[in-house]
Amino acid sequence: MATLSVKPGQRFTVPDWHTNSHLISADAERQRSASHQVRQEARTLRNETNNQTKWDEHDNRNRLAERIRSVNRWKETLDKCLADVDAEIDALAKVKEAAERALQAKNLPLDVAIECLTLRESRRAIDVVRDPVEEELHKEVKLIDKAKRELQQKASEAFEQLCLLQEARQRLSSDHQCKMEALELDRMCLSLSVNSPNISFKINPTQVPKGSTTVDEWEQNSQSNKQRAEAEMKTSAELREATVLAIAQTNNELEAQRVATEFALRKRIRDLEKAYDELKWQEQNTLEEIAEMEEEIRRLEEELQRKTQDLKVAHTRLETRTYRPRVDLCRDQVQYGLTDEVHQLEGTMRALKQKLAESQDSLDALYRQLHRIQTDLGYKTNSLVVDNKCMDTRRKLLVPSERFLPEAETFPRATTRALSARTNGQQEL
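The chain carries the name Tektin in an unreviewed UniProt entry, which gives Probosciger aterrimus as its organism. Under the UniProt heading Subcellular location (unreviewed entry), the entry covering the chain gives this text: "Cytoplasm, Cytoskeleton, Cilium axoneme". Quoted verbatim from the Sequence similarities (unreviewed entry) field of the UniProt record, the comment on the chain reads "Belongs to the tektin family."

**Some remarks on the overall build of the chain**
Looking only at helices and strands, one finds six helices and zero strands in the chain. For the chain, the α and β elements follow one another from N to C terminus as α-α-α-α-α-α. For 429 residues, the compact-globule formula gives about 22 Å, and the C-alpha radius of gyration of the chain, at 62 Å, lies well above that figure. For the C-alpha atoms alone, the extent of the chain along its principal axes is close to 265 × 35 × 30 Å. Counting over 429 residues, the chain shows a buried share of 31%. Excluding contacts between residues fewer than 6 apart, the proportion of contacts in the chain whose partners are at least 24 apart in sequence is 89%. On the chain, roughly 28,800 Å² of surface is accessible, and the fraction owed to carbon and sulfur atoms is 54%.

**Overview of the pattern of salt bridges**
Applying the stated criterion across every chain, the model contains 39 salt bridges. With a shortest N-O distance of 3.6 Å, Glu 262 and Arg 266 are connected by a salt bridge. Note that Glu 262 and Arg 266 are positioned in helix α4 (residues 215-321) at a spacing of four residues, about one turn of the helix. Since its relative accessible area comes to 3%, Glu 262 is described here as buried. Under the relative-accessibility criterion, Arg 266 is labelled buried at 10%. Here Arg 298 makes a salt bridge to Glu 302, at a shortest N to O gap of 2.4 Å. With Arg 298 and Glu 302 both in helix α4 and four residues apart, this pair spans about one turn of that helix. For Arg 298, a relative accessible area of 36% translates into the label partly exposed. Via salt bridges that share partners, Arg 120, Arg 123, Arg 130, Asp 131, Glu 134, Arg 268 and Asp 387 belong to a single interconnected network.

**Some details on the environment of Gln 207**
In this structure, Gln 207 sits in the loop between α3 (132-191) and α4. A residue is classified by how much of its surface remains accessible, and Gln 207, at 49% relative accessible area, is partly exposed. Spatially, the C-alpha atom of Gln 207 lies 100 Å from that of Lys 274, the residues being 67 residues apart in sequence.

**So, the layout of surface pockets**
Space inside the second largest pocket adds up to approximately 280 Å³. Lining the second largest pocket are Cys 189, Leu 192, Asn 198, Ile 199, Ser 200 and Lys 202.

**Notes on the UniProt feature "coiled-coil region" (unreviewed entry) in the chain**
According to UniProt, the feature "coiled-coil region" (unreviewed entry) maps to residues 269-317 and 342-369 in the numbering used here. The distance separating the terminal C-alpha atoms of residues 269-317 is 70 Å; by composition the span is 100% helix and 0% strand. The span residues 342-369 is 100% helix and 0% strand, and its two end C-alpha atoms sit 39 Å from each other.

**Brief notes about the confidence of the model for the chain**
Here the chain shows a mean pLDDT of 85. Residues at 70 or above account for 91%. Put simply, helix α6 (residues 405-428) is where the chain has its lowest mean pLDDT, 35, and α3 is where it has its highest, 92. Here residues 400-429 is a poorly scored stretch, pLDDT under 50, and it has 41 contacts once near neighbours within four places are set aside; other chains count.

**Topic: the environment of Thr 308**
Within the element layout of this structure, Thr 308 appears in helix α4. Residue Thr 308 is classed as partly exposed on the basis of its relative accessible area of 23%. In this structure, the C-alpha to C-alpha distance between Thr 308 and Glu 346, residues 38 residues apart in sequence, is 8.7 Å. Reaching out from Thr 308, the side chain makes a polar contact with the backbone oxygen of Leu 304 at a distance of 2.7 Å.

**Topic: the state of the cysteines**
Taken as a whole and assessed by the stated rule, the structure comprises zero disulfides. Looking at the unpaired Cys 163, the closest cysteine sulfur is the one in Cys 81, lying at 18 Å. Considering cysteine sulfurs only, Cys 116 is the nearest to Cys 390, which forms no disulfide, with 3.9 Å between them.

**Let's talk about the side chain of Ser 383**
Relative to the helices and strands, Ser 383 resides in helix α5 (residues 333-394). Those residues in contact with Ser 383, other than ones at most four positions away along the chain, are Arg 123, Asp 127 and Leu 272.

**Re unusual backbone geometry**
Non-glycine residue Ala 125 carries a positive phi angle of around 55°. Position of Ala 125 relative to the elements: it lies in the loop between α2 (107-120) and α3. Relative accessible area serves as the criterion here: at 46%, Ala 125 is assigned to the partly exposed category. Even without glycine at this site, Asn 204 takes up a positive phi of about 45°. Relative to the helices and strands, Asn 204 is located in the loop between α3 and α4. The class for Asn 204 is partly exposed, based on a relative accessible area of 43%.

**A closer look at the packing of aromatic side chains**
Tallied over the entire structure, the rule returns zero aromatic pairs. For the cation-ring pair, Arg 67 lies above Trp 218, with the distance from its terminal atom to the ring centre recorded as 3.9 Å.

**Concerning the packing of α3 against α4**
Relative to each other, α3 and α4 sit at 165°, their axes nearing to 8 Å. Between α3 and α4, the angle falls in the class roughly antiparallel. Taken as a pair, α3 and α4 cross one another with a handedness that is left-handed.

Calculation rules
- Residues numbered from 1 in each chain as written.
- Predicted model: local features only at pLDDT ≥ 70, side-chain atom pairs only at ≥ 80, totals over all residues.
- Heavy atoms only, no water.
- UniProt positions renumbered as here; feature names shortened; annotations may be inferred.
- Helix = DSSP H or I, 4+ residues; strand = E, 2+ residues; numbered from the N terminus.
- Rg over C-alpha atoms; globule rule 2.2 N^0.38 Å.
- Buried < 20%, exposed > 50% of the residue type's maximum accessible area, 1.4 Å probe, protein only.
- Contact = heavy atoms within 4.5 Å.
- Areas by Shrake-Rupley, 256 points an atom, 1.4 Å probe, with all protein chains shown as cover.
- Salt bridge = Lys/Arg side-chain N within 4 Å of Asp/Glu carboxyl O.
- 1 Å grid on protein atoms, 1.4 Å probe; cavity = no way out; pocket = protein on both sides within 12 Å on 5 of 7 lines; lining within 4 Å.
- Points joined across faces, edges and corners; volume = space filled by probe spheres on them.
- pLDDT = per-residue confidence, 0-100.
- Polar contact = N/O pair within 3.5 Å; in protein donor to acceptor, adjacent residues only side chain to side chain.
- Disulfide = S-S within 2.5 Å.
- Phe/Tyr/Trp six-rings, centres within 6.5 Å; stacked < 30°, edge-to-face > 60°.
- Lys NZ or Arg CZ within 6 Å of the ring centre and 35° of its normal.
- Axes fitted to C-alpha atoms, helices over the stretch in contact; angles between N-to-C directions.
- Parallel < 35°, antiparallel > 145°, perpendicular 65-115°, else oblique.
- Left-handed = near helix turned anticlockwise from the far one by under 90°.

Structure follows, in structure tokens:
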């Protein structure tokens, strides 16, 4: 008979089997509930972190955009300030060049004034006077020296101010370059996204870079550069105005002094011409008086010669009558008359000789006076030549001034003709 096989091992009861099934179902339910809870928390976390990341990225993009706008505003401000500084540098450089040209232009008036003083040193004798012309020329030299010192000072101040402007511009340019680089970097940062090819992890990205500044320090630096540039531009504008005023003032003063000097020089030339004409008149009258005096001396000599002959006749008569014989040698009226005639002729001859000597002395005095007049005419002619040379020399100053050109053309031509006539007269003399 067949036997029944029995599996060896422990045998569980039906309740154990049901209990085990219930435990497995309960564990599965619990595990699914826990998993559902984790899934819900994960979904919530994903949503929250995703939203947080998007908002953070959005806020940072806005901050980057605002920073770019702020930096760009400062860049535009610096652009304008740089343009103003460049314009001020150009304007100050032009004014400096104008001051240097004006300073250079003062060399010609100074040379002319010194040349006029040197020329007038060639005056001779009594004509070497310290007249108003010489005083005005010395004033002109002092005024030109003063103007040159002022213009030199303004040119030096302009040079120093240009250096300060260049330094301020260098600061602005450096700040502007930093703004340009910062804008480029921030715009590049603004353009980055998760799809950008050049993103990667960096070592210690949250470290604070060495040399970092605060926003207030950053803005204060740009504000300081701008304020310094504006202060230097204000100083430069004031210096430009003062320099232009100094150039105009020195030009006006020199022009007024030039007019005063030439007025005195013209007056001196007129006085010399008047004195020259007076001397020519005196010379002519003296020559006429000399001619008349020589004629009178000739007549006196002739008269003295006649009186000598008359005296010889009287002496001969008296001598001859001494040979009358005996009683006829009497003192008759003829004897007395001849004696009186001799005494009269001798007195007349003494008077004639005295008058002849006086006339000769007067003639010598006239010749001395004529020599003095002719010498003084030479001095006056030389002085006229010198002062007209001064006028011709000073015409160099009238070339840039068209409004004085007609006067400069008319006056020297007339004085040259008058001087030429007087020079020819002096040569003939």
